[in-house]
Amino acid sequence: MAHAHWKRAFYTITAGQTVSLVGSSAVQFALIWWLSAETDSPMMLALAGLLAFLPQMVLGPFAGVWIDRWRRKTVVLAADLFQGAVAAAFAVWFFAGTPPYWAACVVLGVRAVGGVFHTPAIQALVPLLVPGEQLLRANSVSQFLQSGAFLLGPVLGAALYSALPMGWVLMTDLLGAAAACGTVACVAVREPAAVRRRPAFGRELREGLETLRADRQLLAVLLCSGAAMVFYMPLSSYYPLMSSGYFAVSSWHGSLVELLYALGMMLAAAALGARGQLRRPLQAAGLGLAVVGVTALVSGLLPPTRAAFWGFAAACGLMGAGANLYAIPVTAYMQRTIPPEKLGRAFSLMGSLMSLAMPVGLVLSGPVAERYGVPLWFLITGLASGVCAAVCLAVLAAARRRAG
């Protein structure tokens, strides 16, 4: 594909997906806020979080097979429309009256089914549009815009929730999905020929597993990062507690932590995009894990003073940069080295591995944080992530020595 053509196609799809992501993030924030304001129940919020993760855990390993069987473009369109339609159906319920609280939890879970297919389908579609040497830059642009969308989404969601009835807030998800579908529909995608073949489902699933097992360096990175994520993923639930409970600062300070984390992700994405190429992307991912470990360790060691809060905020910004220093090179490496007809399965399996980390991490971290305080879990996360990063980098260094 000519240079101008791939750029036009990639940026067209990325623009639509960013608009959709802002809308989805706003709606998700508004739903959680409505549930929190109406019930004031931690158990209800925990149920909502569990149902949002459940589809990836249950369907993730199998979704990749269907993604690789079907046209990637069709999967992306169907997933976007499905998520928008679910939100619109729930909006109708609000127009008719007030739905029960459990219904919001179910809607969050059902919407997540679309995400199980959408995320790996988009990741598998990108290398069909972008030349291999431009994949790092393309993924950096995507991550930059996604980080911005996650930053803007809650702000928009709060504004919409304050200004409009909940039914109309939910309808914005359908508008965002329509924008995304419009941009995807107008781009021609050359699908891999193998998408049209239909061997046995079990065999295809095993092929996806073998694809990851065949690249031992990639497998080592994914396993090490999966272990680190068990400790790291629960931190997102504990940032507010660190701000309000440990450092005793205001909600404004707490929102600043979230802002700096997102800005750190954006800066890392911009830096990787400006670089354009990495000689050793998996080593860069290992360094990203190390940055996450160091910043979590520092956060856990800070004293409970207002002055130390600013160190915590800065550490969270660097933690966000470390997260993208890991994610972007791994995604670009997989897109460049795995055959296109197997990418859906590879990304789905990776997503399932990471999704398991959140519930396992919450089960482990909850009692520890409750009894000994949230800073201890930051400290444990730093130590565990540091060990995982060290193992990852050692395995990669040994493989490089063997290769000569």
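The sections below set out a description of the structure shown in this document. (Residues numbered from 1 in each chain as written. Predicted model: local features only at pLDDT ≥ 70, side-chain atom pairs only at ≥ 80, totals over all residues. Heavy atoms only, no water.)

Here's the deal with the overall build of the chain
At step 1: Along its length, the chain carries 14 helices and zero strands.
At step 2: In sequence order, the secondary structure elements of the chain are arranged as α-α-α-α-α-α-α-α-α-α-α-α-α-α.
At step 3: Relative to the globule expectation of 22 Å for 404 residues, the C-alpha radius of gyration of the chain, 21 Å, shows essentially globular dimensions.
At step 4: Across its three principal directions, the C-alpha atoms of the chain cover 60 × 55 × 40 Å.
At step 5: The buried share of the chain, reckoned over its 404 residues, is 52%.
At step 6: By sequence separation, contacts in the chain at least 24 residues apart represent 89% of the contacts at least 6 residues apart.
At step 7: Summed over its atoms, the accessible surface of the chain is roughly 17800 Å², and 69% of this surface lies on carbon and sulfur atoms.
At step 8: Between the mean site of the 27 positive side-chain charges and the mean site of the 14 negative ones, the chain shows a separation of 12 Å. (Helix = DSSP H or I, 4+ residues; strand = E, 2+ residues; numbered from the N terminus. Rg over C-alpha atoms; globule rule 2.2 N^0.38 Å. Buried < 20%, exposed > 50% of the residue type's maximum accessible area, 1.4 Å probe, protein only. Contact = heavy atoms within 4.5 Å. Areas by Shrake-Rupley, 256 points an atom, 1.4 Å probe, with all protein chains shown as cover. Lys, Arg positive; Asp, Glu negative; His and termini not counted. Charge placed at Lys NZ, Arg CZ, Asp CG, Glu CD.)

Concerning the packing of helix α4 (residues 101-129) against helix α13 (residues 343-372)
At step 1: Close contact between α4 and α13 brings their axes to 8 Å; oriented N to C, the two are set at 140°. Relative to α13, α4 is oriented oblique. α4 and α13 meet at a crossing whose hand is right-handed. Facing α4, whose interface residues are Pro120, Gln123, Ala124 and Pro127, α13 presents Leu343, Gly344, Phe347 and Ser348.
At step 2: Looking at side-chain class alone, the contact of α4 with α13 contains five nonpolar, three polar and no charged residues. (Axes fitted to C-alpha atoms, helices over the stretch in contact; angles between N-to-C directions. Parallel < 35°, antiparallel > 145°, perpendicular 65-115°, else oblique. Left-handed = near helix turned anticlockwise from the far one by under 90°. Nonpolar A, V, L, I, M, F, W, Y, C, P; charged D, E, K, R; others polar.)

Notes on the environment of Ala357
At step 1: Turning to its location among the elements, Ala357 is positioned in helix α13.
At step 2: For the pair Ala357 and Leu160, spaced 197 residues apart in sequence, the C-alpha separation works out to 32 Å.
At step 3: Ignoring any residue separated from it by four or fewer positions in sequence, one finds Ala357 in contact with Gly226, Met229, Val230 and Met233.

Brief notes about helix α5 (residues 135-163)
At step 1: With 29 residues, α5 extends 41 Å from end C-alpha to end C-alpha; this agrees with the ideal 42 Å at 1.5 Å per step.
At step 2: By the largest-angle criterion, Leu152 marks the main kink of α5, which is about 25°, and a proline, Pro154, follows within four residues. (Expected span 1.5 Å × (residues − 1). Bend = angle between axes of the 7 residues up to and from the residue.)

Concerning the environment of Ser24
At step 1: With respect to the helices and strands, Ser24 occurs in helix α1 (residues 3-39).
At step 2: Between the alpha carbons of Ser24 and Val360 there is a distance of 26 Å; along the sequence they are 336 residues apart.
At step 3: If we skip the residues at most four places from it in the chain, Ser24 touches Arg111 and Asp173.
At step 4: A distance of 3.0 Å separates a polar atom in the side chain of Ser24 from a polar atom in the side chain of Asp173. (Polar contact = N/O pair within 3.5 Å; in protein donor to acceptor, adjacent residues only side chain to side chain.)

Remarks on the packing of aromatic side chains
At step 1: One pass over the full model with this rule turns up 17 aromatic pairs.
At step 2: Look at Trp34 and Phe94: their rings are 5.2 Å apart centre to centre, the planes differ by 75°, and that puts the pair in the edge-to-face class. Of this pair, Trp34 sits in helix α1 while Phe94 is found in helix α3 (residues 72-96), placing the two residues 60 residues apart along the sequence.
At step 3: Trp34 gets classed as buried once you look at its relative accessible area, which sits at 6%.
At step 4: Seen from their ring centres, Phe312 and Phe378 are 5.8 Å apart, and the 75° between their planes marks the pair as edge-to-face. Residue Phe312 is found in helix α12 (residues 306-337), and its partner Phe378 is found in helix α14 (residues 374-402); the two are separated by 66 residues along the sequence. Side by side, Phe312 and Phe378 carry an identical accessibility label, which is buried.
At step 5: Here a set of aromatic residues connected by ring pairs shows up, and it is made of Trp34, Phe90, Trp93, Phe94, Tyr101 and Trp102. (Phe/Tyr/Trp six-rings, centres within 6.5 Å; stacked < 30°, edge-to-face > 60°.)

As for the packing of helix α8 (residues 216-232) against α13
At step 1: Following both chains from N to C, one finds α8 and α13 inclined at 30°, their axes separated by 7 Å at the closest point. With respect to each other, α8 and α13 are oriented roughly parallel. α8 and α13 meet at a crossing whose hand is right-handed. For the pair formed by α8 and α13, the contact residues are Leu222, Ser225, Gly226, Met229 and Val230 on the first element and Met350, Leu353, Met354, Ala357, Val360, Gly361 and Leu364 on the second.

Remarks on the environment of Pro359
At step 1: Topologically, Pro359 is positioned in helix α13.
At step 2: With 249 residues separating them in the primary sequence, Pro359 and Val110 have C-alpha atoms 18 Å apart.

Details of a nonpolar patch on the surface
At step 1: A surface patch of nonpolar side chains, amounting to about 450 Å² of accessible area, comprises Phe82, Trp93, Trp102, Val106 and Val110.
At step 2: Of all the secondary structure elements, the ones that give two or more residues to the nonpolar patch are α3 and α4.
At step 3: With three residues, α4 is the single largest residue contributor to the nonpolar patch.
At step 4: Assignment of secondary structure puts Trp102 in helix α4. (Patch = residues over 30% accessible without salt bridge, like charges linked within 9 Å, V, L, I, M, F, W, Y side chains within 5 Å. Salt bridge = Lys/Arg side-chain N within 4 Å of Asp/Glu carboxyl O.)

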